[in-house]
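Given next are the chains, with one letter for each unit.
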Amino acid sequence: VNGVPFALNSTPTAGHRYDVLICQAPGLQRTFYQDSELTKLLSPAEADSPNHAWGQHSHPHPNDGKPVGGRLKGYLFIPSKGTRRVFLRSIGNVHLEIGGKVLYRRWSGLEWVVVLEREMQFTEEGWYPITIEFFTGAQNIPLELSIESRDSSVHIITDRELCH
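So, a few notes on the structure that sits alongside this text.

Definitions and cut-offs
- Sequence order sets the numbering: in each chain, residues are counted from 1 along the sequence as written.
- Selection of residues for local features in this predicted model requires a pLDDT of at least 70, selection of side-chain atom pairs for listing and counting requires 80 or more, and totals for whole chains, interfaces and linings are taken over all residues.
- The basis for every side-chain value is the complete set of non-hydrogen atoms in the structure, without hydrogens or water.
- Put simply, the grid is 1 Å and covers the protein atoms alone, a cavity is a trapped set of points that fit a 1.4 Å probe, a pocket is an open set with protein on both sides within 12 Å along at least five of seven lines, and lining residues have an atom within 4 Å of a point.
- Grid points are joined across faces, edges and corners, and a volume is the space filled by probe spheres set on the points.
- Helical segments are the DSSP runs of H or I of at least four residues, strand segments are the runs of E of at least two, and each set is numbered from the N terminus.
- Polar here means any residue outside two lists: the nonpolar Ala, Val, Leu, Ile, Met, Phe, Trp, Tyr, Cys and Pro, and the charged Asp, Glu, Lys and Arg; Gly therefore counts as polar.
- Disulfide assignment relies on a single distance test, namely cysteine sulfur atoms paired within 2.5 Å.
- Three exposure classes are used, based on accessible area relative to the maximum for each residue type with a 1.4 Å probe and protein chains only: buried under 20%, partly exposed in between, and exposed over 50%.
- DSSP calls a pair of strands paired once it identifies at least 2 bridges connecting them.

## Quick word on the layout of surface pockets
Next, step 1: Within this model, the largest pocket holds a volume of roughly 190 Å³.
Next, step 2: Lining the largest pocket, in full, are Ser80, Lys81, Gly82, Thr83, Arg84, Arg85, Glu119, Glu148, Ser149, Arg150 and Asp151.
Next, step 3: Looking at the lining of the largest pocket, the elements with two or more residues in it are strand E5 (82–91) and strand E10 (141–149).
Next, step 4: In terms of residue count, E5 provides more of the lining of the largest pocket than any other element does, four residues in total.
Next, step 5: Along the lines of polarity and charge, the residues of the lining of the largest pocket split into no nonpolar, four polar and seven charged.

## So, the state of the cysteines
Next, step 1: A complete count under the given rule lists one disulfide for this structure.
Next, step 2: In this model, cysteine 23 is linked to cysteine 163 through a disulfide, with the two sulfur atoms separated by 1.9 Å. Around the S-S axis, the bridge from cysteine 23 to cysteine 163 shows a dihedral of about -45° and counts as left-handed. Note that cysteine 23 is positioned in the segment before strand E1 (28–33) and cysteine 163 in strand E12 (residues 162–163), a separation of 140 residues in sequence.
Next, step 3: Take cysteine 23: its relative accessible area is 30%, and that puts it in the partly exposed class.

## Examining the pairing of E10
Next, step 1: The element E10 is largely enclosed, with a buried count of eight among its nine residues.
Next, step 2: In terms of strand pairing, E10 meets strand E11 (residues 155–156) through two bridges, oriented antiparallel. By the bridge assignment, isoleucine 147 is partnered in E11 with histidine 155.
Next, step 3: Counted between consecutive antiparallel strands, the loop separating E10 from E11 contains five residues.

Encoded structure:
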């Protein structure tokens, strides 16, 4: 397009990473918010993993069933270089960023089930920054993050692969 190659379905390469990282705790650092701009704090930051649901059938809903937003930040360990396929399941508005690259962002205020699959190239092993943001009015909030590679079948990312 305009003299520049146009790539469909290109695989982004993860950027910034750390060889060695001193973590405060396993999992990601989670903070809940009352608003879709993620500015009105609902809870202080605490350790968490993205792989469970909040609401009626799981962990207590963080905002008594009212709309809620969240930001989970930390680092994801990638054990070897190569392409990984990342899977995310959620409801509502979602932003997923790994290694400084946005893999998904849909933030329109509407509610829908989000089931996505994105590939990312990792040029080296190490710890890569990861951020997941969401906002929803749903009573049950599923948030599940999985990964697979040529050497590893799809699995839910565990606290051993996450830290903050």
